Amino acid sequence: MKKGALALVLGASFLLALVGTAVPLEAAPGPMGSPWWENYDVRQSYLCPGRGTVVVERNDSQASLLSGGYRSTLFREPASGSELSFRNDDFLVTLQGDVLTLEQATRQVTCLRTEEV
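The structure contained in this document is the topic of the report that follows. Source: prediction; values computed, not measured.

About the cut-offs
Residues numbered from 1 in each chain as written. Predicted model: local features only at pLDDT ≥ 70, side-chain atom pairs only at ≥ 80, totals over all residues. Heavy atoms only, no water. Disulfide = S-S within 2.5 Å. Helix = DSSP H or I, 4+ residues; strand = E, 2+ residues; numbered from the N terminus. Buried < 20%, exposed > 50% of the residue type's maximum accessible area, 1.4 Å probe, protein only. Pairing = 2+ DSSP bridges.

So, about the state of the cysteines. By the definition in use, this model includes 1 disulfide. A sulfur-sulfur distance of 2.0 Å marks the disulfide that ties Cys48 to Cys111. Here the disulfide of Cys48 and Cys111 is right-handed, its torsion about the S-S bond being about 90°. One end of the pair, Cys48, is in strand E1 (residues 42-48); the other, Cys111, is in strand E8 (residues 107-116), with 63 residues separating them in the sequence. Under the relative-accessibility criterion, Cys48 is labelled buried at 1%.

We now examine the pairing of strand E3 (residues 62-67). Burial of E3 is extensive: 6 of the 6 residues sit out of reach of the surface. Burial along E3 is two-sided: the face carrying Gln62, Ser64 and Leu66 and the face carrying Ala63, Leu65 and Ser67 are both buried. Two strands pair when backbone bridges link them, and strand E2 (residues 52-58) and E3 are joined in this way by 4 bridges, in the antiparallel orientation. Looking at E3, one finds that Glu57 is bridged to Ser64. Count of turn residues in the E2/E3 antiparallel hairpin: 3 residues. Pairing of E3 with strand E4 (residues 70-77), which is carried by 6 bridges, proceeds in the antiparallel orientation. Each residue of the ladder has a partner; that of Ser67, found in E4, is Tyr70. Here E3 folds back onto E4, and the loop between the two strands holds 2 residues, one of which, Gly68, carries a positive phi near 50°.

Rendered as structure tokens:
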């Protein structure tokens, strides 16, 4: 399988887990995390109604989403006002205050921050 196709499959699987059409969203396990060299400054936990927990690790240039055994890396893009936006080939993540919004095509999931971990 080509690298781009594999990334698409993994990204789609991650979003399907979030929206609940394939696998129910589970809390990200404690030991699961990003590699040390990605050097994330912030680690926050978000609750998606009826779906479970998503952990976001981020720094000034990229973010990593951890959920249900999946990890997806996204890269920062310009955003307006106080919001932060991160994107990869599969979806867009927007952080504004305590709200995390995940978007792919016409699907959107809105989550609320629960705690910093």
